[in-house]
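Residue-level structure breakdown
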Amino acid sequence: MQNAHERFGSLEFIKRTKDTTTRVRVSHDRAVLETPKDERGQASAHLISMIAGDSEIGALWAAIPM
């Protein structure tokens, strides 16, 4: 498949605290998302297919509230 890299998007998580900033960025090729019902609601992620190392995937998994 030519230009397969162009179909990937990126997912970025940034957390800022008083002294530090944590930034994790991974590539993803598929995502099934649901928009919030109102402006203040939270969006839902049903499926995210990511490509990254173990530490990046673990950091994003820890950031997702269940």
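Refer to the structure printed above.
What this report covers is the structure whose coordinates are included nearby. Note that the structure is a prediction, hence the values are computed from the model and not measured. (Residues numbered from 1 in each chain as written. Predicted model: local features only at pLDDT ≥ 70, side-chain atom pairs only at ≥ 80, totals over all residues. Heavy atoms only, no water.)

So, on to the overall build of the protein chain. Tallying secondary structure elements over the protein chain gives one helix and three strands in all. Reading the protein chain from its N end, one meets helices and strands in the order β-β-β-α. In terms of overall dimensions, the protein chain is more spread out than a globule: its C-alpha atoms have a radius of gyration of 14 Å, far above the 11 Å expected for 66 residues. On the principal axes, the C-alpha backbone points of the protein chain span a range of 45 × 35 × 20 Å. Counting over 66 residues, the protein chain shows a buried share of 8%. Considering only contacts in the protein chain between residues 6 or more positions apart, those separated by 24 or more positions represent 23%. When the accessible surface of the protein chain is totalled, it reaches about 5,900 Å², and 50% of it is carbon and sulfur. The centroid of the 9 positive side-chain charges in the protein chain is displaced by 4 Å from the centroid of its 9 negative side-chain charges. (Helix = DSSP H or I, 4+ residues; strand = E, 2+ residues; numbered from the N terminus. Rg over C-alpha atoms; globule rule 2.2 N^0.38 Å. Buried < 20%, exposed > 50% of the residue type's maximum accessible area, 1.4 Å probe, protein only. Contact = heavy atoms within 4.5 Å. Areas by Shrake-Rupley, 256 points an atom, 1.4 Å probe, with all protein chains shown as cover. Lys, Arg positive; Asp, Glu negative; His and termini not counted. Charge placed at Lys NZ, Arg CZ, Asp CG, Glu CD.)

Right, let's talk about the sheet that holds strand β3 (residues 44-51) for a bit. Sheets are built from strands paired through backbone hydrogen bonds, the pairs being either parallel or antiparallel. In spatial order, the strands read β1-β2-β3; together these three strands make up an open sheet with antiparallel pairing. Lying at the two open borders of the sheet, with one neighbouring strand each, are β1 (9-16) and β3. Shown here is a sheet whose adjacent strand axes are inclined to one another by a mean of 55°, direction ignored. Inspection of the sheet shows β1 paired to strand β2 (residues 21-34) by eight bridges, in the antiparallel sense. Bridge pairing in β2 links E12 to R25. Sheet strands in contact with helix α1 (residues 54-63) are β1, β2 and β3, and its direction is about 75° off that of β2. (Pairing = 2+ DSSP bridges. Axes fitted to C-alpha atoms, helices over the stretch in contact; angles between N-to-C directions.)

Take the pattern of salt bridges next. Summed over all chains, the structure comprises two salt bridges. A salt bridge links E12 to R23; the shortest N-O distance between them is 2.3 Å. One end of the pair, E12, is in strand β1; the other, R23, is in strand β2, and 11 residues separate them in sequence. The shortest N-O distance in the salt bridge between K37 and E34 comes to 3.2 Å. Residue K37 is classed as exposed on the basis of its relative accessible area, which comes to 77%. (Salt bridge = Lys/Arg side-chain N within 4 Å of Asp/Glu carboxyl O.)

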